Amino acid sequence: MRAVTWQGKRDVRVENVPDPSIQEPTDAIIRITSSGLCGSDLHLYEVLTPFMTPGDILGHEPMGIVEEVGAGVPDLQAGDRVVVPFQIACGNCWMCLTGLPTQCETTQVHGEGMGAALFGYTRLYGAVPGAQAEYLRVPHAQYGPIKVPEGPPDDRFVYLSDVLPTAWQAVAYADVPQGGSIAVLGLGPIGDMACRIAQVKGAGRVFGVDLVPERLARAKARGVETFDLRSFDDEKELVAAIRDQTDGRGPDAVIDAVGTEAHGSAVARLVQNTAALLPRKLSGPMSERFSVDRLAALYTAIDLVRRGGTISLSGVYGGMADPMPMLTLFDKQVQIRMGQANVRRWSDDIIPYLTDEDPLGVDDFATHRVPLSEAPHAYEMFQRKQDGAVKILMQP
């Protein structure tokens, strides 16, 4: 089959690789019909390269048609249309039953000290072959895949794999009071969708911050009060402008949908780039012990949120040596919630919104649809924020 493989920093290629096959009774084989390109994939493209191996198959946002199931998968059959969550979980352990499949005790990557295995996301999360491919082996298919109806195009359901539950959890963790205010830093796919979910869940005012004109325009068209980071000399001016809209206090909650590759963190960027250029034997251990994030977005969130408010982190962070302003966090009595989205925890809550009325705007959420063969160009375009690229779907 054809698949998108990682070969090095900013080097992805579409190559022929062996077809997947049933290995365990709880496996299923899915023929992919759509697979998303995620902002998290860009971390592999740029920052998390020390944890990658040439030939790794990328991607974790798939949907498709069931081709084959193992004997231990009673509720799926060939021909079913499914969305596959990005995490791999059993559904039966204590963590899964508690609503935390990202911490699944069956698939935790114990050798790396990490949570549940993920599709297409480094050796830290199991080095499981990913979903930017023609076919995908799905472990624990007795629990993971979400059956969806025939009829509507893939766009209606594909975001159940990651974008929708990640944004939904970000808003849930933000705990915005009815009629309250929330600021979303970063209007990429997750931040954009988080704004939409906050609106339908009853937030009174939603502020969105970015520096990409197309992203700002998309959010503004849906009623978000947007702030262009380029219009301010520094983050302090931005914080002051939003505070002016919230009686001087700051919003009730802030979602950081940016993560480790925030603009404005020059020293951390230098450290990340240096680690990525080192030989693999050195870069991996260095990143595990001394990795740092570009924390500009998180620092802005801490400054911006009102006292007693909540910060919800959905952007990916991975630093082990990050300096945190603990005095400010303690003094402001800030609550912080974070983590990978627990897809099956939220999917049943989200599906009622995927109706013909399309309140979340999923039908036209993608800005680009490309064949799998154009994956290298899609990665470059998305990483460089070119041609208005906000969300890219690939079709094998």
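So, here's what we can say about the structure. (Residues numbered from 1 in each chain as written. Predicted model: local features only at pLDDT ≥ 70, side-chain atom pairs only at ≥ 80, totals over all residues. Heavy atoms only, no water.)

Turning to its location among the elements, Ala 183 is positioned in strand S9 (residues 181–185). The sequence separation of Ala 183 and Glu 225 amounts to 42 residues, and the corresponding C-alpha distance is 9.2 Å. Setting aside chain neighbours within four positions, we find Ala 183 in contact with Phe 207, Pro 251, Ala 253, Val 254, Ile 255 and Leu 304. (Helix = DSSP H or I, 4+ residues; strand = E, 2+ residues; numbered from the N terminus. Contact = heavy atoms within 4.5 Å.)

Attention now moves to the environment of Ile 182. With respect to the secondary-structure elements, Ile 182 resides in strand S9. Sequence separation of Ile 182 and Gly 204 is 22 residues, and the distance between their C-alpha atoms is 8.3 Å. When near neighbours in sequence (up to four residues on either side) are disregarded, Ile 182 contacts Ala 174, Val 176, Ala 198, Ala 203, Arg 205, Val 206, Phe 207, Pro 251, Ala 253 and Ile 255.

Right, let's talk about the pattern of salt bridges for a bit. With the rule as written, the count across this model stands at 19 salt bridges. The partner of Lys 391 in a salt bridge is Glu 61, and the shortest N-O contact between them spans 2.6 Å. Residue Lys 391 is located in the loop between helix H12 (375–383) and strand S16 (392–395), and its partner Glu 61 is located in the loop between strand S4 (56–57) and strand S5 (62–69); the two are separated by 330 residues in the primary sequence. Accessibility classification places Lys 391 together with Glu 61 in one group, the buried group. With its nearest N and O atoms 2.6 Å apart, the salt bridge here joins Arg 230 to Asp 228. By relative accessible area, which is 18% here, Asp 228 ends up buried. Shared partners join several salt bridges into a network, and the residues in it are Arg 156, Asp 356 and Asp 363. (Salt bridge = Lys/Arg side-chain N within 4 Å of Asp/Glu carboxyl O. Buried < 20%, exposed > 50% of the residue type's maximum accessible area, 1.4 Å probe, protein only.)

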